[in-house]
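# Descriptive structure summary
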Amino acid sequence: MLEFISYLVNGISLGSVYAIIALGYTMVYGIAKMLNFAHGDVIMVGGFVVFSTMSGMGLPPVISVLISIVVCTALGMLIERIAYKPLRKASKLAVLITAIGVSYFLQNVALLIYGSNTKSFTSVVSIDPISLADGAVIISGETIVTIIACIVIMAGLTSFIKYSKSGRAMLAVSEDSGAAQLMGVNVNATIALTFAIGSGLAAVAGVLLCSSYPALTPYTGAMPGIKAFVAAVFGGIGSIPGAFVGGILLGVIEILGKAYISAQLADAIVFAVLVIVLLVKPTGLLGKQIQEKV
Amino acid sequence: MKKKALCLLLACAMTFSLAACGGKGGETSAPAEDRTETEAPAEAGDDTEAPAASGGAVFKVGGIGPTTGGAAVYGMAVQRGAEIAVEEINAAGGINGVQIEFQFQDDEHDPEKSVNAYNTLKDWGMQLLVGSVTSNPCIAVGEKTHEDNLFQLTPSGTAVKCVQYDNAFRMCFSDPNQGLESAKYIGENKLASKVAVIYDSSDPYSAGIYEAFRAEAENQDFEIVTEAKDGAFDASNKTDFSVQVSAAKNAGAELLYMPFYYTEASLVLKECKKQSYAPVFFGVDGMDGILSVENFDTSLAEDLMYMAPFVANSDDEQVKSFVTKYQEQFNEVPNQFAADAYDCIYVLKAAMEEAGVTPDMDASAICDAMKTAMTGITFDGITGKGISWEASGEPNKAPLIVQIKGGEGVAL
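Treat the numbers as computed from the prediction; the structure is a model and nothing was measured.

Now for the overall build of chain B. The helix and strand inventory of chain B stands at 13 helices and 18 strands. Within chain B, the fraction of its 412 residues that count as buried is 52%.

Let's shift gears to the overall build of chain A. Each helix and strand counted, chain A has 11 helices and four strands in total. Computed over C-alpha atoms, the radius of gyration of chain A comes to 19 Å, within 12% of the 19 Å expected from 2.2 N^0.38 for 294 residues, which places it in the range of a compact globule. Each of the three principal axes of chain A carries a C-alpha extent, and together these read 65 × 50 × 35 Å. Residue burial in chain A is summarised as follows: out of 294 residues, 51% are buried. Within chain A, residue pairs in contact and separated by at least 24 positions form 74% of the contacts whose partners lie at least 6 positions apart.

Quick look at the interface of chain B and chain A now. Contacts between chain B and chain A engage 33 residues on the former and 31 residues on the latter. Broken down by element, the side of chain B that touches chain A gets its largest block of residues, five residues, from helix 10 (residues 262-274) of chain B. Residues belonging to the side of chain B that touches chain A are distributed by class as follows: nine nonpolar, 16 polar and eight charged.

Here chain A shows a mean pLDDT of 89. Residues at 70 or above account for 98%. Mean pLDDT across the elements of chain A bottoms out in strand 2 (residues 130-132) of chain A (80) and peaks in helix 3 (residues 61-84) of chain A (94).

Residue and element names in this part refer to chain B. Here the domain parsing of chain B yields domain 1 (56-173 + 319-396) and domain 2 (176-308). On a C-alpha basis, the centroid separation for the pair domain 1 and domain 2 is 30 Å. With 10 residues of domain 1 at the contact, the number on the domain 2 side is 11 residues. Along the lines of polarity and charge, the residues of the side of domain 1 that touches domain 2 split into four nonpolar, five polar and one charged.

Residues and elements named next belong to chain B. Over its 14 residues, helix 5 (residues 135-148) runs 20 Å from end to end, which matches the ideal 20 Å to within 8%, given 1.5 Å per residue. Every buried residue belonging to helix 5 is among Ser-135, Asn-136, Pro-137, Cys-138, Ile-139, Val-141, Gly-142 and Thr-145, and all of these are buried. Where helix 5 is buried, its residues touch strand 2 (58-65), helix 4 (111-124), strand 4 (128-130), strand 5 (151-154), strand 6 (168-170) and helix 7 (204-217). Where helix 5 terminates, the next one or two residues include Asn-149, which has phi positive at roughly 50°.

Turning next to the environment of Ala-94 of chain A. Structurally, the position occupied by Ala-94 of chain A is in helix 4 (residues 92-114). Measuring from C-alpha to C-alpha, the distance between Ala-94 of chain A and Tyr-84 of chain A comes to 9.5 Å, with 10 residues separating the pair along the chain.

Residue and element names in this part refer to chain A. Packing of helix 10 (residues 240-260) against helix 11 (residues 266-280) leaves a shortest axis separation of 8 Å and a crossing angle of 135°. On the basis of their axis angle, the class for helix 10 and helix 11 is oblique. The crossing of helix 10 and helix 11 is right-handed. Contacts between helix 10 and helix 11 pair Leu-250, Ile-253, Glu-254, Gly-257 and Lys-258 from the former with Ala-266, Ile-269, Val-270 and Val-273 from the latter.

Residue and element names in this part refer to chain B. Strand order across the open sheet formed by three strands is 14-15-16, with antiparallel pairing between neighbours. The open sheet has two edge strands with one neighbour each: strand 14 (379-381) and strand 16 (395-396). Taken together, the two bridges between strand 14 and strand 15 (residues 384-389) define a ladder with antiparallel strand orientation. Paired with Phe-379 across the bridge in strand 15 is Ile-387.

All names here are of chain B. Strand direction decides the pairing type here: strand 13 (residues 305-308) and strand 17 (residues 400-405), joined by four bridges, are antiparallel. Of the residues in strand 17, the one forming a bridge with Met-307 is Ile-401. Note that strand 17 and strand 18 (residues 408-411) share four bridges and pair antiparallel. If you follow Val-402 over to strand 18, its bridge partner there is Ala-411. Counting the residues in the hairpin turn of strand 17 and strand 18 gives two residues, including Gly-406, whose phi is positive at 55°.

With that settled, consider the packing of helix 12 (residues 336-355) of chain B against helix 13 (residues 363-376) of chain B. All names here are of chain B. Look at helix 12 against helix 13: their axes get within 8 Å of each other, and the N-to-C directions meet at 110°. When the axes of helix 12 and helix 13 are compared, the pair comes out roughly perpendicular. Along this stretch, helix 12 crosses helix 13, giving a crossing that reads as right-handed. Residues Ala-351, Glu-354 and Ala-355 of helix 12 touch helix 13, and the partners they reach there are Ala-369, Met-370, Ala-373, Met-374 and Gly-376.

Calculation notes
- Residues numbered from 1 in each chain as written.
- Chains lettered and ligands numbered in written order.
- Predicted model: local features only at pLDDT ≥ 70, side-chain atom pairs only at ≥ 80, totals over all residues.
- Helix = DSSP H or I, 4+ residues; strand = E, 2+ residues; numbered from the N terminus.
- Buried ≥ 20, exposed ≤ 12 C-beta atoms within 10 Å, placed from the backbone.
- Rg over C-alpha atoms; globule rule 2.2 N^0.38 Å.
- Contact = placed C-beta atoms within 7 Å.
- Nonpolar A, V, L, I, M, F, W, Y, C, P; charged D, E, K, R; others polar.
- pLDDT = per-residue confidence, 0-100.
- Domains from an automatic or database assignment.
- Expected span 1.5 Å × (residues − 1).
- Axes fitted to C-alpha atoms, helices over the stretch in contact; angles between N-to-C directions.
- Parallel < 35°, antiparallel > 145°, perpendicular 65-115°, else oblique.
- Left-handed = near helix turned anticlockwise from the far one by under 90°.
- Pairing = 2+ DSSP bridges.

This is the structure in structure tokens:
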């Protein structure tokens, strides 16, 4: 039982990271109707910015994280402006390929600047681990911070979209960008804002990911990025609560599957669950079926 | 008009980037002053092997390995190590008075790209190959070199099949050999009675060592307490090791055997600390380099033992000279891949001198001469002394166990 609790906590922690990354995927998909495969690499950039400013320049963790968020936000908007905006009217496939191109570009730039050697990331969290039941269950400071950060981000984002003007504009654009434009919503600005928020979240995800799993390479973001994309589809792509639920579930299934079934089959189990969910509910757990009117 | 200008700009950018790639391919030709004399005849020698006599001809040695991508750290090291050796040999007068021209191609740790790189090098006129650096690409290229009967010496292709043909040799230990030797070492030195293993089931290197280790464990006085499925991870699942570490901890293992690379090892070590689990850590040669992980908390790796063919802080003169040169040029301590590559070039030199090959021979004739010469030489290098080779391509050398003490690797 204690073992189970410890696995569950690990799963929720891993899932929280997936969830924060998945939020970025889902928001961009919901509003710009495109899959931003470079999202995973923005995470890596976030990690490297903190690595450089904190370990390299000796700034305090909080300042480094803030710098990282600013850099990633700017980077996200820049990518959108240079690589995606000119393709707004192009076919979806073209945008998808561009996104993959941006992803490789970011990886290779990081490779040029930082080299291929693994960097060890100093955790930004300095909370002592909590030890329960005589050390049978140990919850690390990173785990606690990750889970709390995920809940705070989730709550903040939901209320932003519900109550703020620009948040409602996002909702409008996601439902029907043409109509939104007719109603005076600045679609381009809204999409840019979405990228800014998504990339800012990616920076947070990068910091949390690297704090828990401290090996930083130019390819650090690639795999978690793909897993988070799966989480977004799992929860229903385009839906913000869906990304949250999908991320947490994915993390928990992954860890429990590894622990109780087979570590070798962890991914097979995750994807089997995904297939079953999509068969039963093609839009994902919380995805909405939008009727196309002719 | 605007479009035209854009097209032109893009075309320029493309040419520029291609040119940049070519430059990065890393061509170490003869020292600058000889360049003008050697280059022209060498180029002529490409198509017409015979007429280019020893006058201005060169030996064309190719290298293949990942200099970009996830395994770039190994390919870069091999390229650099080999280049240093080539420079040294050329400066000292070459092989039987003939200079070496060395070209290194990137394969991104991808078998298909590795074969492409091989073809590029063949077009360039390669006579001998050092590579590929990583196992899977090496196996793929091995098929081609066997077809073409081109001599291949891999610095670090550890999989059994890397040297399955008689034209291929290796500098490093094979995977089963490492598993066998580490099981023996643990058993003979009574390091533990209960052992847990974590390994990468998607990587033939890691899985190969694990299988040999498991087989040999039955002959030794210790027991493997975790099942294969509890300790395995794979390429898409190598960030979270909480489950594998818990399994080892709960099984009461006193020693954790880690036959995989140091990037993952740094995560496993951190996870063990998180779970307050402190067994004896034992790794293989992929662990070499863990201390070079920037910003790594070396206290995590204190007392970690691993098998390595090369220790950078050794007192050996050859090692010292190599390490100094490497540090001067690249500002980092060379790892075993660099050392293996450095030795590879010197092994080629020794065997080529033994075989008495000349630059006008074609690749196949050189290969036939080299096959016999390789089994006849005894080599003293920086990755071991008195190394000899079997006709099967396997080296005979003694394994070295290194332990990390106070943030430095010390040979045991």
